[in-house]
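Here is how the chains run, residue by residue.
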Amino acid sequence: MTRRARQEDIARELGLSINTVSLALKNSKRINEETRQKVHQVAKALNYIPNTIARSLVEKKTNIIGFIVPNIMNPVQIETAQTIERKLIKKGYNMMLMTTDSDKNYESYALDILVSRQVDGIFLFPTNKQNQDKIKTVRDVNIPIVLLSGGSYEPASDSVYMNQFKGAYIAASHLAQLGHRRIGFIHGGSGNMEKFMGYQQALKDHGLEFDPKLVVTVDSYSYEQGYLSADALLPAHNVTALLASSDYLALGALRWCRERGMRVPEDMAIVGFDNLEAARYAEIPLTSVAFKVEQLTTSAMDLMFELLAEQDKLSSRKPERIVIEPSLEIRNTCGAR
């Protein structure tokens, strides 16, 4: 088996010292441009790959940031992870992704794994509030953790998140202002309580009584779950408008309406959540609450590198909260009844 090339091989090929090769590979100004180019050319020819483990032992950093998501199928979480990964690479970092399947015990295990791998920091979509003590213990040993969701509770670490309560509030308020009195809600369960509370508050502020029969709770964000929710909710309860806690759920409900000859928005107004590409290019473009991935990821990256720069002081620093305000992208599915 052919072994991987080492710096010694490059040095032998060029008749240079290992120290000179090492500095040239780091593009040190102490090595002249001609020598740096020769070193890089031979490194490429030998298919040299840097030993990042050895480098991390010397520099006491791994240049790896952990990222924990509850659901690998959640389009917003994956788009956020991919966007942050691209931003990290530009800064010379790599990302280690772990998923928890919304299991608080596995989330705790994932944090242990990342800490044991000596990652420099961690981005986390928390499953719920139950691991706050665990998160605090990680932060207290000066490993930055940036949470990417939050709500009314005080998080144990620094956080950047969309105001899900306000997103649902402005969506339900928009439907109420259009004159709808029976507004259904497809609820994403325990992970979507902020949206549910925003929906309820909007009803109250517009003089509408909350009716639990107008709420369907699902266990996944899929077209099928949206379709089945519409089938369970719409025929029997005189609903004229529907707010779904994801665009996939809303588009599944839209399909149900179209199959039964129900006009959207004339007979049924529908609003989704996340403003995915599928919403923009649906058969009837979907009104949706925008999850501002670019703004969220930029703020989260800025905060992470601020924390990395002050890593030795984390345990004495009060966690920072940055809230991204949502907006409602109004399209064709929520016009007047």
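Relevant structure appears above.
What this report covers is the structure whose coordinates are included nearby. (Residues numbered from 1 in each chain as written. Predicted model: local features only at pLDDT ≥ 70, side-chain atom pairs only at ≥ 80, totals over all residues. Heavy atoms only, no water.)

A few words on the nonpolar core. The nonpolar side chains of a soluble globular protein tend to be buried with one another. Counting 45 residues, the largest nonpolar core has Leu175, Ile183, Tyr199, Leu234, Leu243, Met268 and Ile270 as the members making the most contacts within it. Those elements that provide at least two residues to this core are helix H8 (164-177), strand S6 (183-187), helix H9 (193-205), strand S7 (215-217), helix H10 (223-233), strand S8 (241-244), helix H11 (247-259) and strand S9 (269-274). For Leu175, the residues in contact, after removing those within four places along its chain, are His180, Ile183, Ala241, Leu242, Leu243, Ala269, Val271 and Cys334. Core analysis: the second largest hydrophobic core is formed by 28 residues, Ala81, Val160, Phe291 and Leu296 among them. (Core = buried A, V, L, I, M, F, W, Y, C linked by side-chain atoms within 4.5 Å. Buried < 20%, exposed > 50% of the residue type's maximum accessible area, 1.4 Å probe, protein only. Helix = DSSP H or I, 4+ residues; strand = E, 2+ residues; numbered from the N terminus. Contact = heavy atoms within 4.5 Å.)

Sheet architecture is open: six strands sit in the order S2-S1-S3-S4-S5-S11, paired in parallel fashion. Where the open sheet ends on each side, the last strands, each with one partner, are strand S2 (94-99) and strand S11 (321-324). Neighbour-to-neighbour, the strand axes of the sheet open up by a mean angle of 20°, direction not taken into account. Here six bridges tie strand S1 (residues 64-69) to S2, and the two strands are oriented parallel to one another. If you follow Ile68 over to S2, its bridge partner there is Met98. Set on the sheet, helix H7 (residues 132-140) makes contact with strand S3 (121-124), strand S4 (145-147) and strand S5 (158-162); between it and S4 the angle comes to about 145°. (Pairing = 2+ DSSP bridges. Axes fitted to C-alpha atoms, helices over the stretch in contact; angles between N-to-C directions.)

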